[in-house]
Amino acid sequence: MQMLTFLLCFGFPLSTAFYFHAAEREEKCLIEDIPSDTMVTGTFKIQQWDTGRHMFLESAPGLGMFVTITTYNGEVILSKLYGPQGTFYFTSYSPGEHIICLESNSTRLVSFGGNRLRIHLDIRVGEHDLDAAIAQAKDKVNELTFKLEYLIEQIGQIVKEQNYQRDREEKFRMTSEDTNSNVLWWAFAQILILISVGIFQMKCLKDFFIAKKLV
């Protein structure tokens, strides 16, 4: 790990813009002395060296940047993987030196550690950048939108479940009514059959007694 050291003491907004060279997957760090409760915004961009054109390309497809922010005590404030260009934010909770480390990260299956990179870095300390505020506001809006869509989806699922249960209850009620009706008609039919059998038996007995001249 190579260290680029900048000891900055200030009481007003400060911007530091520069670039440096690094090999692919090589980590480089810088130190900034930051007061407490201070917002720091960093913007970076990776350019890759083209051996054919002998120049740095404007973009670096397939490359990303892993940014790590730690205090001098080792407390990790930020650890996140970005694309070939991006902006990171953090707020210092205590005064003192903060270590900002950047390491290129390739998404390709095979990477060559000797690839030459130029990394542009702009560190703004104590500035409440409008773009940063807008980006954070958009992130919050997107998060709220996602949660709202999730709640709407859950409500729709609950309504579907209620409708399903209502349909099941309706079918069960209709089945119960049909069953009760069938049982009632079957009982009525059994009574009719018993009465018919009784009448038939009485007639048979009467004919038998008449035939035997018992009555």
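The preceding data block contains the structure.
Presented here is an overview of the structure given in this document. Sequence order as written defines residue numbering, which begins from 1 separately in each chain. With the structure being a predicted model, the display of local features is reserved for residues of pLDDT at least 70 and the display and counting of side-chain atom pairs for 80 or more, all residues being used for whole-chain, interface and lining totals. For side-chain calculations, the full set of non-hydrogen atoms in the structure is used, while hydrogens and water are omitted.

**So, the pairing of strand β9 (residues 96-106)**
For step 1, the next point in the chain: By definition, two strands form a pair when at least two bridges between them are found by DSSP. Secondary structure elements are taken from DSSP: a helix is a run of H or I of four residues or more, a strand is a run of E of two residues or more, and numbering for both begins at the N terminus. Note: strand β3 (residues 27-34) against β9, eight bridges, orientation antiparallel. From the neighbouring strand, Lys-28 faces β9, where its bridge partner is Leu-102.
For step 2, the next point in the chain: Of the strand pairs in this sheet, strand β6 (residues 63-71) and β9 are connected by nine bridges, and their pairing is antiparallel. Following the sheet pairing, Thr-68 is matched in β9 by Cys-101.

**Comments concerning the packing of aromatic side chains**
For step 1, the next point in the chain: Any pair of Phe, Tyr and Trp rings, taking the six-membered ring for Trp, is counted once the centres come within 6.5 Å. Such a pair is stacked with planes under 30 degrees apart, edge-to-face with planes over 60 apart, and tilted for the rest. This model, assessed by the stated rule, comprises five aromatic pairs.
For step 2, the next point in the chain: When the ring of Phe-44 is compared with that of Tyr-82, the centres are 5.8 Å apart and the planes differ by 75°; the resulting orientation is edge-to-face. Taken as a pair, Phe-44 in strand β4 (residues 38-50) and Tyr-82 in strand β7 (residues 76-82) lie far apart in primary sequence, 38 residues in all. The same class applies to Phe-44 as to Tyr-82, namely buried.
For step 3, the next point in the chain: With 6.1 Å between their ring centres and 85° between their planes, Trp-185 and Phe-188 make a pair best called edge-to-face. Taken together, the positions of Trp-185 and Phe-188, both in helix α1 (residues 130-211) and three residues apart, correspond to about one turn of that helix. Each residue's exposure class comes from its accessible area (1.4 Å probe, protein chains only) as a fraction of the maximum for that residue type: buried when under 20%, exposed when over 50%, partly exposed otherwise.

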